Amino acid sequence: MAANTGERTLISAVIPPGAVHIDGVFSVAPASDDVVALVDVSAQLAALTSDLFVRAAPKANIRAATVERIPAMTPDHPLLPELRLRYRLIDFKEGVVAG
């Protein structure tokens, strides 16, 4: 369920391999075991601008169609390395994901 009235509506997280969740959490993953792609997607979804796109059209749930509407950086975007670094410093715990 999307919390449209709270501080954030879209909350991005990296779930360790092998973990499971209920349908209350929508998850996405890269087609391969590419950790860099996983970090790129998660970092971009954690941005306030992504949250704004979700809040602009409030819904009860955040599913694939909602995430697909959010603009994404291209893999060669000059700011993507900085975004990766900042996201990893903020979100990752030591030893959970290496890369």
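Let me sum up the structure you'll find in this document. Because the structure is a prediction, the values reported are computed rather than measured. (Residues numbered from 1 in each chain as written. Predicted model: local features only at pLDDT ≥ 70, side-chain atom pairs only at ≥ 80, totals over all residues. Heavy atoms only, no water.)

## As for the overall build of the chain
Now for step 1: Within the chain one finds four helices and zero strands.
Now for step 2: In sequence order, the chain lays out its α and β elements as α-α-α-α.
Now for step 3: The proportion of buried residues among the 99 residues of the chain is 22%.
Now for step 4: Within the chain, counting contacts between residues at least 6 apart in sequence, those at least 24 apart form 72% of the total.
Now for step 5: Accessible area for the chain stands at about 7,100 Å²; split by element, carbon and sulfur atoms hold 63% of it. (Helix = DSSP H or I, 4+ residues; strand = E, 2+ residues; numbered from the N terminus. Buried < 20%, exposed > 50% of the residue type's maximum accessible area, 1.4 Å probe, protein only. Contact = heavy atoms within 4.5 Å. Areas by Shrake-Rupley, 256 points an atom, 1.4 Å probe, with all protein chains shown as cover.)

## A few points about helix α1 (residues 35-46)
Now for step 1: In a regular helix each residue adds 1.5 Å, so twelve residues correspond to 16 Å; α1 covers 16 Å between its end C-alpha atoms and thus fits that length.
Now for step 2: Listed as buried for α1 are V39, D40, S42, A43, Q44 and L45.
Now for step 3: Among the structural elements, α2 (48-56), α3 (64-69) and α4 (80-91) are those in contact with the buried residues of α1.
Now for step 4: A side-chain oxygen of the first residue of α1 lies 3.2 Å from the backbone nitrogen of V36; this N-cap is D34. (Expected span 1.5 Å × (residues − 1). Polar contact = N/O pair within 3.5 Å; in protein donor to acceptor, adjacent residues only side chain to side chain.)

## With respect to the side chain of T9
Now for step 1: Looking at the secondary structure, you find T9 in the segment before α1.
Now for step 2: Of the polar contacts made by the side chain of T9, one reaches the side chain of R55; its length is 3.1 Å.

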